[in-house]
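Here are the chains, one letter per residue:
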Amino acid sequence: KVFSALLGEWSELPQNFSQDMILNAPSRNIMNKLGRSVLALYSYDEKPESHDIKDELTKALRLIARAPMIVAHAYAVKRHVFDRESLYLHHTDPSLSFAENFLRAIRQDGSYTSVEAKLLDLCMVLHAEHGGGNNSAFACRALSSTGTDIYSSISAAIGSLKGPKHGGANEMVMQQFAEIKANVKDWKDDGEIMSYLSKILNGKVGDGSKLIYGMGHAVYTLSDPRAVVLKKFARTVAQEKGRLDELELLESVERLAPLAMNDAGKDKVVSANVDFYSGLIYSFLGIPDELYTPMFAISRMVGWCAHRIEEVYNPRNRIMRPAYKSLSKREAYSPISERQ
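Given the structure is predicted, the values throughout are model-derived calculations rather than measurements.

A separate point is a nonpolar patch on the surface. There is a patch of nonpolar side chains on the surface, built from I53, L57 and Y313 and spanning about 240 Å² of accessible area. Summarising the element assignment, L57 is placed in helix α4 (residues 53-82). Accessibility expressed as a relative area gives 42% for L57, which makes it partly exposed.

Here we come to the side chain of E311. With respect to the helices and strands, E311 occurs in helix α14 (residues 292-312). If near-sequence neighbours (up to four positions away) are discounted, E311 is found in contact with R141, S144, S145, N317, R318 and M320.

Our focus in this paragraph is the pattern of salt bridges. Per the stated rule, a full pass over the model turns up 18 salt bridges. Here R235 makes a salt bridge to E251, at a shortest N to O gap of 2.9 Å. A residue pair is termed long-range when its members are at least 10 positions apart, and R235 in helix α11 (residues 225-241) and E251 in helix α12 (residues 244-263) qualify at 16 residues. Linked through salt bridges whose partners overlap, the residues forming this network are K188, R235, E248 and E251.

To continue, consider the environment of N273. Assignment of secondary structure puts N273 in the loop between α12 and α13 (274-284). As a C-alpha pair, N273 and F177 span 96 residues in sequence and 15 Å in three-dimensional space. Not counting the four nearest positions on each side in its chain, N273 is found in contact with G214, M215, G216, H217, D224 and A227.

Rules behind the numbers
- Residues take numbers from 1 onward in each chain, read along the sequence in its written order.
- It should be noted that, the model being predicted, local features are given only for residues of pLDDT at least 70 and side-chain atom pairs only at 80 or more, the latter also being counted only at that level, while totals for whole chains, interfaces and linings use all residues.
- Based on all heavy atoms of the structure, the side-chain values leave hydrogens and waters out of the count.
- Note that patches include only residues with greater than 30% relative accessible area and no salt bridge, and the join distances are 9 Å for like charges and 5 Å for nonpolar side chains (Val, Leu, Ile, Met, Phe, Trp, Tyr).
- The Shrake-Rupley method, run with a 1.4 Å probe sphere, supplies the accessible areas, and residue values consider only the shown protein chains as cover.
- The term salt bridge refers to a pairing of a side-chain nitrogen on Lys or Arg with a carboxyl oxygen on Asp or Glu at a separation within 4 Å.
- The way it works is that DSSP assigns letters per residue, a run of H or I at least four long becomes a helix, a run of E at least two long becomes a strand, and they are numbered from the N terminus.
- In this scheme, a residue with accessible area under 20% of its type's maximum is buried, one over 50% is exposed, and one in between is partly exposed, where area comes from a 1.4 Å probe on protein chains only.
- Any two residues whose heavy atoms approach within 4.5 Å are treated as being in contact.

Structure (structure tokens):
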């Protein structure tokens, strides 16, 4: 309760922050605006360079609390400026949960159901952390090892997550799923679904990547427990929204994809990862696809801050210096005048 109260108190952005940093400098990309806004918070901190553990924890909690409102306001301004939609900005309600405040902030009428809030809360918990080996956590730790401030370190992590190979996976799942929905006429016909999946794997349809997005993971090879949990709770919202047929089609793709991959000569054990279901769930919640990666960032802010604190207060406290070894062959020097 104390933790929730602190986050509720600190979720409100500094005075004039949205006007100065978001409204006056709109961005088409919400992740770009989130990264710049986190850097800007340095200017609103009375002790931005302090590495005292109490100050560091306060900064971390404030970043965690403020990230959802930065994203919500950045999205509202993006819609207003670039999509020519009406502008609405909601203040936070300290009595509401993280998920409730976010749903309230991105919807014009501020309405949401308890089922929606609980499912979004679950998504955010499952996305909050995933070990130190992922690219954005490493970026945060690498910068933190130099002794720089928390705002610079977290902004670097946001920049890393912005890349489609890292944070944009659920968007790619949804783009591919839209193609499957449009081209598979009978969503209950396993044969037709298998045929289309085979075309994807052969590069005959889709973006030519020959990948079924959302299937497989570098760490979770047999099963991704996050996907299992999401799938379980997604059914309730799917029924509430009248979209159970879409969820069942995605479940069929999950079931048939390993078989199609084996038929294509990809003899590898694969399972659905968390991105396989998170995009559809966000869709059920009315969250637009341009907010999928920012939602990931809001959740992962917790993990990044934890990694930073561990790095900064590690007794070893040495700068990270990755080593690179050139594999190129030695060649004789050619004068510039002789080069083509």
